[in-house]
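Residue-level structural notes
Residues per chain, in single letters:
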Amino acid sequence: MAGDKTEKGDGSAMQISSRFTIAIHMMTCMETFKDEQKVTSEFLASSIQVNPVIIRRILSQLRDAGLIEVKRGIGGAAVKKPLEDITFFDVYRAVECVEENTLFHFHENPNPDCPVGKNIHNILDDKLQRVQDAMERELKAITLADVMEDLGKYIG
């Protein structure tokens, strides 16, 4: 998937896909330009500099989550709810494909005959859950209103 990093031999880390930051960028554009022009997938793609197909896919995910509305033809896309009611967590849940609500994907077949392999889940599961809970807590604490407030500081 575009924008994702996977674990490589060079020690580089895994990342959440770029869909999350693209979605935040899209919704910020929708709010910023809502009174100036129709916000289309082509317009969003030009701001983000990605293919409009990617934008349309994320638009569908955001719409299905009830965060935006998309009006065909003359309407364009718009944020549906008050910005202070949309958290980063809402956007994350809408666009990220997190399997079984788990951020960390555990390797499939640790060796049950190895003392580490047979116990690694017992060792890591609660620690990984604590990390995920902390991340989700932070995502829930930041809203699109916060983003728009910060944007106002940069664009005047």
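Take the packing of helix α2 (residues 41–48) against helix α3 (residues 52–64) next. Think of two packed helices as two axes; the pair is described by the angle between the axes and how far apart they sit. Following both chains from N to C, one finds α2 and α3 inclined at 115 degrees, their axes separated by 8 Å at the closest point. Taken together, the axes of α2 and α3 lie roughly perpendicular to each other. Seen from above, α2 lies across α3 with right-handed handedness. Where α2 abuts α3, its residues Ser41, Glu42, Leu44, Ala45 and Ile48 lie against Pro52, Ile55, Arg56 and Leu59. A class-by-class count of the residues in the contact of α2 with α3 yields six nonpolar, one polar and two charged.

Right, let's get into the pairing of strand β2 (residues 76–79). Sheet topology note: the strand β1 (residues 68–71)/β2 ladder contains four bridges and is antiparallel. What sits directly across from Ile68, in β2, is Val79. The turn joining β1 and β2, which pair antiparallel and follow one another in sequence, is formed by four residues; a positive phi near 75 degrees is taken by Gly73.

In total, this model carries four aromatic pairs according to the counting rule given. Their ring planes at 75 degrees and their centres at 5.5 Å tell us that Phe20 and Phe88 sit as a pair that is edge-to-face. Of this pair, Phe20 sits in helix α1 (residues 19–33) while Phe88 sits in helix α4 (residues 88–95), and the two are 68 residues apart along the sequence. For the cation-ring pair, Lys140 lies above Phe89, with the distance from its terminal atom to the ring centre recorded as 4.6 Å.

Empty pockets left among the atoms are what a rolling probe the size of a water molecule brings to light. Taken as a whole, the second largest pocket encloses approximately 230 Å³ of empty space. Lining the second largest pocket we find 15 residues, and of these Ser41, Arg56, Leu59, Val70 and Arg72 sit closest to its centre. Counting residues per element, the ones that place at least two in the lining of the second largest pocket are α2, α3, β1 and β2. A total of four residues in the lining of the second largest pocket trace back to one element, the largest contributor, which is α3. Across the lining of the second largest pocket, the residue classes tally to four nonpolar, five polar and six charged.

Reading the values: rules and limits
Counting starts from 1 at the beginning of each chain's written sequence and moves along it residue by residue. Given that the model is predicted, a residue must reach a pLDDT of at least 70 before its local features are reported, and side-chain atom pairs must reach 80 or more before they are shown or counted; all residues, however, enter totals for whole chains, interfaces and linings. Heavy atoms throughout the structure, all of them, feed into the side-chain values; hydrogens and water do not. Only C-alpha atoms enter the line fits that serve as axes; for helices the fit covers just the stretch in contact. Angles between N-to-C directions range over 0 to 180 degrees. Under the scheme used here, helices are H or I runs from DSSP no shorter than 4 residues and strands are E runs no shorter than 2 residues, and both carry numbers assigned from the N terminus. When describing relative orientation, an angle under 35 degrees is termed roughly parallel and one over 145 degrees roughly antiparallel, while 65 to 115 degrees is termed roughly perpendicular and anything else oblique. Each crossing gets its hand from how the near helix is turned against the far one by less than a right angle, where anticlockwise is left-handed and clockwise is right-handed. Contacts are assigned to residue pairs that have any heavy atoms within 4.5 Å of one another. In this classification, Asp, Glu, Lys and Arg are treated as charged, Ala, Val, Leu, Ile, Met, Phe, Trp, Tyr, Cys and Pro as nonpolar, and every other residue, Gly included, as polar. For two strands to pair, DSSP has to find at least two bridges joining them. Put simply, two rings from Phe, Tyr or Trp (the six-membered ring, in Trp's case) pair if the centres are within 6.5 Å, and we call them stacked under 30 degrees between planes, edge-to-face over 60, tilted for the rest. Whether a charge sits over a ring comes down to the Lys NZ or Arg CZ being within 6 Å of the ring centre and within 35 degrees of the ring normal. Site definitions follow a grid-based scheme: protein atoms alone, a 1 Å grid, a 1.4 Å probe that fits but cannot get out for cavities, and for pockets an open set with protein on both sides within 12 Å along at least five of seven lines, plus lining residues having an atom within 4 Å of a point. Grid points are joined across faces, edges and corners, and a volume is the space filled by probe spheres set on the points.

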